[in-house]
Amino acid sequence: MEDEEGNPGEIEVVQLSEGEYIEEEDEELKEPEADHSKLKFGGHKDSVYCINVNHSRSLAISGDGDDKAILWDVNTGNQISLLEGHTDSVVGAQFTADQNLIITASLDNTVKVWNLEENSCSLRHTMEGPSDEITFLSLHPKGNVALVGGQDMTLWMFNCENGELMNAFSGHCGIICQGGFVPSGKLAYSVSGDNTIRLWKPASGESKIIKADKLEIQGELNAACCHPKEDQPIIIGGTQEGAIVFGNYKTFKYVHKLNIPNESIESVDISPITNFSAIGHSSGKISIIDTTSGALRNSTMMDDVIVKCQFSQKDPIMYAGCLDGSIGVIDPRKGGLAHRFQGHYKGILDFCLSKDESILVSAGDDGKCLIFDTKFSQIIIPLQLYQQNTSK
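Here the structure is a predicted model, which means the values were calculated and not measured.

Colleague: Is there a simple way to explain the sheet that holds strand β31 (residues 337-341) in this structure?
Modeller: Sheet strands line up and pair through hydrogen bonds in the backbone, either parallel or antiparallel. Sheet architecture is open: four strands sit in the order β28-β29-β30-β31, paired in antiparallel fashion. Two strands bound the open sheet, and with one partner strand each, they are β28 (306-311) and β31. In this sheet, neighbouring strand axes are inclined to one another by 20° on average, regardless of whether the strands run parallel or antiparallel. With four bridges connecting them, strand β30 (residues 327-330) and β31 associate as antiparallel partners. Bridge pairing links Ile327 to Phe341 in β31.

Structure (structure tokens):
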């Protein structure tokens, strides 16, 4: 291969089978189609699976396939601290509610707690979790408590202050794909491939199942989300065969069901300020659902699998991370892409918004973390005007 001036470029030879080879461009030389990022962090040596930003919008923590997490400065892109000690990929990394600790979770089945210091991090605790790979990490909305689920069909809850196990929950008979705490923090929930959604009392470990009654669910539950408002006791789950179910965790019954055949559900989110829910599909489709009625409102297509959907907490905007390396900005009221962030040359694996929503930070399969400016004054109707229009 040659560059623009006709000089040979860097290549590597990959063996496919005996006697058969293909030349492949060096990963370092690849470039995205476009780059809208304002800053990049390139300290990872492998795919970046998770990312989180602290409340002051000054620090980010990201975890990778090289068994490490890195704390870095969002404003400069400089590395602050390398968090080492895990022996497998770091798949969860978050700041606690009080912003004083960092929690990391790994496929090595451990959860680590790190003291966040002025210019470094120090290991505080290592907690042994499930007997098989951890599938998710979720933190309590008000206290320093971590919840993880595993492929061994169990949930584990830890006190991050002292490193003690608070409870281990069992009852599912399928891999737990998602879980967390309801907004009040008084219950934990879990969603499993056994097609049940369970609610757990954290202290006693007692659980109740949201019952399907006569409602049939096609495929295994694969993604879920709890409504972010306490007065809306709804959990939405999606299956690998395109079934979407709405469960009420106070009545423990399903209230709606919608089928979008042959469309595996990969991500779910619920808006706290509008009556919309977003469903991300393996086909690249984003379906906007009426949260109250369960009716399909509109759809938008992107170019590859939707990895994550996330609504703004203050504006009628939804963000969708895609395996084509872009993040779409969608107007859920009418559908369609209002904007697209590009900058990764491989798929988006995670992203998050800062608390003030002034920046979006992404984690990519290309080993990069990118920061995007989220100023949309020209393309998004302000929320106050939106509320005025919808109240007429």
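Colleague: Even after reading the chapter, I still don't get the sheet that holds strand β10 (residues 110-116), so can you show me in this structure?
Modeller: Read across the sheet, four strands follow the order β8-β9-β10-β11 without closing on themselves; strand pairing throughout is antiparallel. Unpaired on one side and paired on the other, β8 (90-95) and β11 (121-128) mark the two borders of the sheet. Averaged over all pairs of adjacent strands, the angle between strand axes in this sheet comes to 20°, irrespective of strand direction. The sheet contact formed by strand β9 (residues 101-106) and β10 spans five bridges and is antiparallel. The residue bridging Ile103 from the neighbouring strand is Val113, located in β10.

Colleague: Hey, could you run me through the side chain of Asp290 in this one?
Modeller: Mapped onto the elements, Asp290 comes out in strand β26 (residues 285-290). Asp290 gets classed as buried once you look at its relative accessible area, which sits at 13%. There is a polar contact of 2.8 Å between the side chain of Asp290 and the side chain of Asn275. A distance of 3.5 Å separates the side chain of Asp290 from the side chain of Arg297, its partner in a polar contact. Residues contacting Asp290, with those up to four places away along its chain left out, are Phe246, Asn275, Ala295 and Arg297.

Colleague: Help me out: how do you make sense of the side chain of Thr96 in this one?
Modeller: For Thr96, the location among the structural elements is in the loop between β8 and β9. The class for Thr96 is buried, based on a relative accessible area of 2%. If sequence neighbours within four positions are ignored, Thr96 has contacts with Leu101, Ile103, Leu139 and Asn144.

Colleague: Explain the packing of aromatic side chains here, please?
Modeller: What characterises a pair of aromatic rings is the spacing of the ring centres plus the angle enclosed by the ring planes. Under the defined criterion, the tally for this structure stands at four aromatic pairs. Arranged with centres 5.2 Å apart and planes meeting at 35°, the rings of Phe169 and Trp200 form a pair that is tilted. Within this pair, whereas Phe169 is found in strand β15 (residues 165-170), its partner Trp200 is found in strand β18 (residues 197-200), the two being separated by 31 residues in sequence. In this pair, the class of Phe169 matches that of Trp200, namely buried.

Colleague: What is the right way to read the pattern of salt bridges from this model?
Modeller: A side chain of one charge can pair with a side chain of the opposite charge when the charged atoms of the two come close. Within this structure, the stated rule accounts for 10 salt bridges. Its salt-bridge partner being Lys201, residue Glu206 comes within 3.6 Å of it at the nearest N-O pair. Of the residues examined, Glu206 reaches a relative accessible area of 45% and is grouped as partly exposed. Here Lys308 makes a salt bridge to Asp350, at a shortest N to O gap of 3.1 Å. Placement of the pair is Lys308 in strand β28 and Asp350 in strand β32 (residues 348-353), with a sequence separation of 42 residues.

Colleague: Even after reading the chapter, I still don't get the pairing of β28, so can you show me in this structure?
Modeller: Every other side chain in a regular strand lies on the same face of the sheet, so the side chains alternate between the two faces. Pairing geometry for β28 and strand β29 (residues 318-322), over five bridges, is antiparallel. Pairing of Phe311 across the sheet is with Met318, part of β29. Hairpin connection from β28 to β29: six residues lie between these consecutive antiparallel strands.

Colleague: What exactly am I supposed to notice about the nonpolar core here?
Modeller: General note: in soluble globular proteins, nonpolar side chains tend to be found buried as a group. Val191, Ile197, Leu199, Ile210, Ile235 and Tyr249 are the most contacted members of the largest nonpolar core, which has 17 residues in total. Listing elements by their share of this core, those giving two or more residues are β17 (188-192), β18, β20 (221-226) and β22 (243-248). Residue contributions to this core peak at three residues, all from β20. Setting aside residues no more than four positions away along its own chain, Ile210 makes contact with Ile197, Leu199, Gly247, Asn248, Tyr249, Phe252, Lys253 and Tyr254.

So, how was this worked out
- Residues numbered from 1 in each chain as written.
- Predicted model: local features only at pLDDT ≥ 70, side-chain atom pairs only at ≥ 80, totals over all residues.
- Heavy atoms only, no water.
- Pairing = 2+ DSSP bridges.
- Helix = DSSP H or I, 4+ residues; strand = E, 2+ residues; numbered from the N terminus.
- Axes fitted to C-alpha atoms, helices over the stretch in contact; angles between N-to-C directions.
- Buried < 20%, exposed > 50% of the residue type's maximum accessible area, 1.4 Å probe, protein only.
- Polar contact = N/O pair within 3.5 Å; in protein donor to acceptor, adjacent residues only side chain to side chain.
- Contact = heavy atoms within 4.5 Å.
- Phe/Tyr/Trp six-rings, centres within 6.5 Å; stacked < 30°, edge-to-face > 60°.
- Salt bridge = Lys/Arg side-chain N within 4 Å of Asp/Glu carboxyl O.
- Core = buried A, V, L, I, M, F, W, Y, C linked by side-chain atoms within 4.5 Å.

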